[in-house]
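Here is what each chain is made of, one letter per residue.
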Amino acid sequence: MAEIRYTKTHQWIRRDGDAYTVGITDYAQEQLGNVIYVSLPAVGRRYKQQDEAAVVESMKVASDVYMPVAGEITEINMELNTEPSLVNADPEGRGWFFKVKPSSPEQFDDLMDEAAYKASLA
């Protein structure tokens, strides 16, 4: 069963077996407004936890997307190149940004669960 964790900078990461998928939260996409462009990281690139890994741009602002866990990018969502509006339409589904192979999987467990994330928004 998939587990989801959240960061203070409004990224989510879903662990489904050995697969870890990252995107921005519904709250983040609402704050951005209409997403017009997403700059994704290169497959194979390694990042430390909290490194800037991607950029999402809307009509009003550009915002960095940070790595929730340290690791290597294994896949990117190519659909976002032609349809960045997926981030608004389905931020925690088809609007995912990239997949990562964590170098420190225990970092996942240190992130906020859904209840803690929702409390942080209040």
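Above: the structure in question.
About the thresholds
Residues numbered from 1 in each chain as written. Predicted model: local features only at pLDDT ≥ 70, side-chain atom pairs only at ≥ 80, totals over all residues. Heavy atoms only, no water. Phe/Tyr/Trp six-rings, centres within 6.5 Å; stacked < 30°, edge-to-face > 60°. Helix = DSSP H or I, 4+ residues; strand = E, 2+ residues; numbered from the N terminus. Buried < 20%, exposed > 50% of the residue type's maximum accessible area, 1.4 Å probe, protein only. Lys NZ or Arg CZ within 6 Å of the ring centre and 35° of its normal. Pairing = 2+ DSSP bridges. Contact = heavy atoms within 4.5 Å.

1. Focus: the packing of aromatic side chains
In this description, an aromatic ring pair is defined by two values, namely the gap between the centres and the angle between the planes. With the rule as written, the count across this model stands at 2 aromatic pairs. Taking 4.8 Å as the distance between ring centres and 15 degrees as the angle between the ring planes, the aromatic pair formed by Tyr6 and Tyr117 counts as stacked. Here Tyr6 is found in strand 1 (residues 3–6), whereas its partner Tyr117 is found in helix 5 (residues 114–121), with 111 residues between them in sequence. Their ring planes at 80 degrees and their centres at 5.8 Å tell us that Tyr20 and Phe108 sit as a pair that is edge-to-face. Here Tyr20 is found in strand 3 (residues 19–24), whereas its partner Phe108 is found in helix 4 (residues 106–109), with 88 residues between them in sequence. Here Tyr20 matches Phe108 in class, with each residue buried. If you follow Lys99 out to its NZ or CZ, it ends over the ring of Trp96, 5.1 Å from the centre.

2. A closer look at the sheet that holds strand 9 (residues 98–102)
One open sheet holds the 6 strands; their spatial order is 1-2-3-9-8-5, and the pairing between them is antiparallel. A strand with exactly one partner marks an edge of an open sheet, and here the two such strands are strand 1 and strand 5 (46–47). Note that strand 8 (residues 71–76) and strand 9 share 5 bridges and pair antiparallel. In the strand pairing of strand 9, Gly71 is matched with Pro102.

3. Considerations on the environment of Ser103
Residue placement: Ser103 occurs in the loop between strand 9 and helix 4. By relative accessible area, Ser103 is classed as exposed at 52%. A sequence separation of 16 residues divides Ser103 from Val87, and the C-alpha atoms of the two residues are 26 Å apart. In contact with Ser103, other than residues within four places in its own chain, are Ala70 and Gly71.

4. So, unusual backbone geometry
Among all residues except glycine, the phi angle is most often negative; among peptide bonds, the trans geometry is most common. A positive phi angle is found at His10, which is not glycine, with a value near 70 degrees. Within the secondary structure, His10 is located in the loop between strand 1 and strand 2 (11–16). By relative accessible area, His10 is classed as partly exposed at 21%. Non-glycine residue Gln50 carries a positive phi angle of around 75 degrees. When you line up the elements, Gln50 lands in the loop between strand 5 and strand 6 (52–58).

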